[in-house]
Amino acid sequence: MNNSVKIRIDGKDYQVQGGKNLVDTAKEHGIYIPTLCHFHEVNPPLGTCRICTVKVDGKTTTSCTTKVYEGMEVEINTEELIDIRKAIIEMLFSEGNHFCPTCEKSGNCDMQNLAYDMGLTTSRFPKVFSNKAVDFNAERIIMERNRCILCKRCVEEIKTEDGQNVFSFVNRGVKTHVHIDYEQEQKLSDSDALRAMNLCPVGTILVKGMIYEQPFGERKYDLLGKTKKSPTNGNGTCINEKEKFIVATTSLAGCFGCHMSLLDIDTDIIDVLEIVEFNKSPLTDIKNFSKRCHVGLVEGGCANSENVEVLKEFRKKCDILIGFGECALMGGIPAMRNFVPLKECLEEAYINGMTSEIGANIIPNHEDIPKLLNNVYPCSEIVKIDHFIPGCPPNANHIWKVVKSILLGKEFSIAHDEFKYD
Amino acid sequence: MDTIKDTMHKTLLMKVLWDIQKKRRYISRDDMTKIAHEFNISRMELEGVISFYHFYHRKHAGKYTIYLNNSIISKHKDYDLVKKAFENELGISIGNVTDDQMFGLFETPCIGLSDQETSALINFNAFTDLTPIKVKKIITKLKQGESIQSISKIPKNNIQYTPDDDKTVFFKKYIPGTGLKKLKKMNADQVIDLVKKSKLTGRGGAFFPTGMKWEFCKKNKADQKYIICNADEGEPGTFKDRVLMSKFPGLLLEGMAMAAYAVGATKGAIYLRAEYFYLKDKIEQRIIDFKEKGFLGKNILGIENFDFDIYVHMGAGAYVCGEETALIHSMEGKRGEPSTKEYFPVEKGFLGKPTIVNNVETLCAVPRILEMGLEKYLSIGTEATPGTKLLSVSGDCKKPGIYEIEWGIKLQEFLHLIDAKNPNFVLFNGFSGECLSPNDFDREISGENLLAEHIQFEFNDPIEYSQKMSAVGLRSGGSFMVFHKDRDLLEILKNINDFFVAESCGICVPCRTGNFLLNKKIQKIINCHADTKDINDIKEWSTIIKQSSRCGLGKSSSNCLLTAMLKFPETFQEKLTCNRDINNAFNLNKAVENYEEIVNEIETTYE
């Protein structure tokens, strides 16, 4: 094990210990390779998440399953490889039903952290909208399968004292999911159950009663020192009335929180008004487009047919569409109803709900009322959205920085705490 | 903690599951609890294994379980009519079981009978060239209590062509033991040397040098080694191994014995796909014959310490188990998931011991090479690929079946040989192979002038592709499907992608979700909802899936799609729309259908 070998990473030579796996070796020499299923004690390496994909001697492979040897040529941070890794995380987000704002694991979640790290805003892949049940049957462990990335950590690592597997993959292909053996789970000790929860890189394995033990804000990936104020471009150049940018805004299936955030710049809005004129917007109460707009700001996803119509009109009348807020980007809170069949939602609201009249049997339906869609859709699934500003809500200064930069065609950079969206 | 006893026991898991599946027609919860207890594994782990395979049912599958083949060749023949006929005769729709539990009707991908479509398996007996009239006859006879064996027979071999007698390697007169007897005058190293010099490569489609594989295995010291024959033949359109095992099962056994002699193995197994259940008895009988003749068992041919025994292990319906590490896991009683290739099977394979996994045709070639001698063998075929290749031909041609051809034959000549009708599009090497267009018909079927695999996917212009690739030889594991001009290319590509989505093992996200997303894209193109962005997305996403997948399935699942897009751009262009602002795949009427239905239902109920 004392053999020292020479390898080349991204054009630089390194003298490293031979036979060790590439992820750990790179880490020791200050090079970061993102991983999700890999962790130190696992042997043999799982190689299931594929996120640590790198190029070794010209062929792509996972770095967690590769052992270093003399003369190895490794490429890690080429544009192509960075994009592949990003694409895999995006695919994971599209496959499952992930809601960071309401997730118990937020702040401790490896996948969330990786997404931030890679600068993920929205997934290039359409959502799969898979139907995955949440399993509450076990004594202590809840299986929230909407978040499971099938990394196999729990299957391989969690065993009872007599060596039985507690978790197992069931079915094949896209229908694969992790099932928990209730009998075996009972045999686990409390600390083992907790270990399972901490082992799971996402919020799939949860132990009843222990989920909020660590308060939000003090978790693994939370930042300390959040009192920094983000810089704003305060120089407003006075433009002629005729040369102002025309901006339209709307809130579809949103709570208007993003609009409220927009206005959080308080008196700075006077600077904004030097270069911007609002057309159709709740801010001006102009109800119909009277001019062609440079930019349309869309808050909220599409939950009913009216949202779709308004969104399509925005696409027609605006040169650039910017979706802002989680609801516009991936459905947000309203999209939580995608887990529940539409029929049950409507029955709960109008027929069986606590405030419904006894004998109520009508769900509001009239040609003037919009029709509910089968799912709440992110805006990008209906029309082409040009830019995205994530956040719930996004920070006011950040919104205006982005909008101004887009209008003036300027490049901009984002400080980390502007970027940390929850 | 697996003791040696427990691990050995688990290899019998699939045999036990088959016994129960066959007797009771499904595996019930009670049975599962009992089995889990016997094998000392948790119930959930057992459920994981059972749910992985297509042919293990957890609900009663009917006294007569009918599996109708839905591969693209079957669909081009009479699949729709035959399916309707079954559904009408039985009174159930596909995927269900009759109320009296007599018949279960299910779909299944390619069952290795592409030259005799439309085909089906009933309790794993083959029924070929089906028509609605035949279906009616079969069901009537079964209802009248006739035994299945009396109305079915082992499928025809359809050997359409072999080269001149002195150039034929496989399909010529076979006298058991001729090749094997040559071992008396050779030692293990000489055998390996011969195989290396013969340039024999894996005939399953991977084309790994066989001699090298055997040499690696021999070098690894262990107290036990294994020879496993990969008779899974899952690649759609391939059925050459079926014919080899049907006609000359002894040849396979001899080949395995030679491999055992070369590397020092004493145990062997044939992993036979469930769709070839009707060959099991024949092979097992031949094993018994060989033992009596001294060709298997202890001290084979009187050679001291040359002990070798073979058993047959039945697969249970998973294409991915054709991959060697997945096959080994399947034999060990686990889910058939491929490994991370940290160790190759020749180093650590079945039960952690050095293992050789070879294709049926590869193993059958070895005794023939010994029989005819190296010099004669090398005089056939081409320099890089000597000898002959078995191709299983199906599709739009007058003479589907098995062709033994000398390596080096031109594709154009071959198409003439099989009497292809206006060939426009060839699926070469199965669903994970590539699409060939008329521009490729001048190429040669051989291993000459090969380029690295990824190069062919870097071309964006079909003309440039033809120019640069015209001298490159074409190698196939055996599958050869030919289609004429009027076939719908997109329907074929969708069928291919459906297959991969269903057969993916599900461990890694690029293959599992990536192929699913590609499926949606293809459907979008078929619906005329796609635009150029979608075409570019397909190219981009396929590359991502290719480069990050864990095993060969993910790496090659998009090959046909990419090569088709390059070589038949017009087919795709004519389906595109130009409007890119609105997402045409979002259908407002469809999205509110649900709501309208619910509202109407509630209102009418309470009237």
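Data block above holds the structure.
Residues numbered from 1 in each chain as written. Chains lettered and ligands numbered in written order. Predicted model: local features only at pLDDT ≥ 70, side-chain atom pairs only at ≥ 80, totals over all residues. Heavy atoms only, no water.

*Asks:* Explain the overall build of chain B here, please?
*Replies:* Assigned secondary structure in chain B consists of 26 helices and 15 strands. Here chain B has a C-alpha radius of gyration of 25 Å; the compact-globule value for 607 residues is 25 Å, and the two agree. Residue burial in chain B is summarised as follows: out of 607 residues, 61% are buried. Nonlocal contacts in chain B, meaning residues at least 24 apart in sequence, comprise 74% of its contacts between residues at least 6 apart. For chain B, the computed accessible surface area is about 24200 Å², with 49% contributed by carbon and sulfur atoms. (Helix = DSSP H or I, 4+ residues; strand = E, 2+ residues; numbered from the N terminus. Rg over C-alpha atoms; globule rule 2.2 N^0.38 Å. Buried < 20%, exposed > 50% of the residue type's maximum accessible area, 1.4 Å probe, protein only. Contact = heavy atoms within 4.5 Å. Areas by Shrake-Rupley, 256 points an atom, 1.4 Å probe, with all protein chains shown as cover.)

*Asks:* Looking at this structure, I do not really get unusual backbone geometry. What am I missing?
*Replies:* When glycine is set aside, most residues are seen to have a negative phi, and most peptide bonds are trans. Cis geometry is adopted by the peptide bond preceding Pro 393 of chain A, which originates at Cys 392 of chain A and carries an omega value of -5°. Relative to the assigned elements, Pro 393 of chain A resides in the loop between β17 (387-389) and α12 (396-408). Phi at Phe 129 of chain A is positive, roughly 50°, even though this residue is not glycine. The topology assignment puts Phe 129 of chain A in the loop between α3 (110-117) and β6 (134-135). On the accessibility criterion, Phe 129 of chain A (26% relative accessible area) is partly exposed. Phi is positive for Phe 207 of chain B, close to 55°, though the residue is something other than glycine.

*Asks:* Is there a simple way to think about the nonpolar core in this case?
*Replies:* If you look at the biggest cluster of nonpolar residues, it comprises 197 residues, and the most contacted ones within it are Phe 167 of chain A together with Trp 214, Phe 308 and Leu 427 of chain B. Per element, the largest residue contribution to this core is 11 residues, and it comes from helix α13 (residues 249-263) of chain B. Not counting chain neighbours up to four residues away, the residues in contact with Trp 214 of chain B comprise Val 191, Ile 192, Val 195, Met 258, Ala 259, Ala 262, Val 263, Ile 356, Asn 358, Leu 363 and Val 366 of chain B. With 30 residues, the next largest nonpolar core counts Leu 321, Cys 379 and Ile 382 of chain A together with Phe 586 of chain B among its residues. (Core = buried A, V, L, I, M, F, W, Y, C linked by side-chain atoms within 4.5 Å.)

*Asks:* Quick question: what am I supposed to make of the sheet that holds strand β15 (residues 318-324) of chain A here?
*Replies:* Two strands in a sheet stick together by hydrogen bonds in their backbones, pointing the same way (parallel) or opposite ways (antiparallel). Residues and elements named next belong to chain A. With parallel pairing, five strands are arranged side by side in an open sheet as β12-β11-β13-β15-β17. Two strands close off the open sheet at either side, each with one partner strand: β12 (276-278) and β17. Strand-to-strand twist across the sheet, computed as the mean angle between neighbouring axes with direction ignored, equals 30°. As paired strands, strand β11 (residues 245-251) and β12 are joined by three bridges and run parallel to one another. Its bridge partner lying in β12, Val 247 is registered against Phe 278. Contacts from helix α9 (residues 305-317) reach β11, β13 (293-299) and β15 within the one sheet, and its direction differs from that of β15 by about 135°. (Pairing = 2+ DSSP bridges. Axes fitted to C-alpha atoms, helices over the stretch in contact; angles between N-to-C directions.)

*Asks:* What exactly am I supposed to notice about the pattern of salt bridges here?
*Replies:* Any two side chains of opposite charge can pair, given that their charged atoms come close. Residue and element names in this part refer to chain B. Counted according to the given criterion, the structure contains 60 salt bridges over all chains. A salt bridge links Arg 24 to Asp 31; its shortest N-O distance comes to 2.9 Å. Residue classification places Arg 24 among the partly exposed residues on the basis of a relative accessible area of 46%. Given a relative accessible area of 4%, Asp 31 falls into the buried group. (Salt bridge = Lys/Arg side-chain N within 4 Å of Asp/Glu carboxyl O.)

*Asks:* In this structure, what is going on with the pairing of strand β10 (residues 355-359) of chain B? I would like to understand it.
*Replies:* Residues and elements named next belong to chain B. Burial analysis of β10 places five of its five residues in the buried class, which makes it a mostly covered element. Judged by which residues are buried, β10 turns out to be covered on both faces: Thr 355, Val 357 and Asn 359 on one side and Ile 356 and Asn 358 on the other are all buried. Judged from the five bridges that link them, strand β7 (residues 226-231) and β10 form a sheet pairing that is parallel. By the bridge assignment, Cys 229 is partnered in β10 with Asn 358.

*Asks:* I'm lost on the pairing of strand β13 (residues 423-428) of chain B in this one. Help?
*Replies:* As a general feature of sheets, a regular strand has side chains that alternate between the two faces. Residue and element names in this part refer to chain B. Judged by how many residues are buried, β13 sits mostly within the fold: five of six residues are covered. Bridge count between β13 and strand β15 (residues 479-484): five bridges; the pairing is antiparallel. Residue pairing for β15: Phe 425 is matched across the bridge by Phe 483. When β13 meets strand β14 (residues 434-436), the two strands line up antiparallel, connected through three bridges. Bridge pairing in β14 links Val 426 to Leu 436. Between β13 and β14, which pair antiparallel in sequence order, lie five residues; one of them, Asn 429, sits at a positive phi of approximately 75°.

*Asks:* How should a nonpolar patch on the surface be read in this particular structure?
*Replies:* A cluster of nonpolar residues, Phe 256, Met 260, Leu 263 and Leu 283 of chain A, forms a patch on the protein surface that exposes about 330 Å² of accessible area. You can see Leu 283 of chain A is positioned in the loop between β12 and β13. (Patch = residues over 30% accessible without salt bridge, like charges linked within 9 Å, V, L, I, M, F, W, Y side chains within 5 Å.)

*Asks:* I'm lost on the sheet that holds strand β6 (residues 159-161) of chain B in this one. Help?
*Replies:* Residue and element names in this part refer to chain B. Strand order in the open sheet formed by six strands is β6-β12-β11-β15-β13-β14, with mixed pairing between adjacent strands. A strand with exactly one partner marks an edge of an open sheet, and here the two such strands are β6 and β14. Going from strand to strand, the sheet's axes swing by 30° on average, the running direction of each strand aside. Sheet analysis places β6 next to strand β12 (residues 401-406), joined by two bridges and oriented parallel.

*Asks:* Mind showing me how you'd approach the interface of chain B and chain A here?
*Replies:* Reports often express the size of an interface as the amount of accessible area lost when the parts come together. Counting residues at the interface gives 59 residues for chain B and 66 residues for chain A. Across the chain B/chain A interface, buried area totals approximately 5600 Å², and carbon plus sulfur atoms make up 59% of it. Summed over the shared surface of chain B and chain A, the result is six salt bridges. Here Lys 67 of chain A and Glu 342 of chain B are joined by a salt bridge, their closest N and O atoms 2.6 Å apart. (Buried area = accessible area lost by both parts, 1.4 Å probe.)

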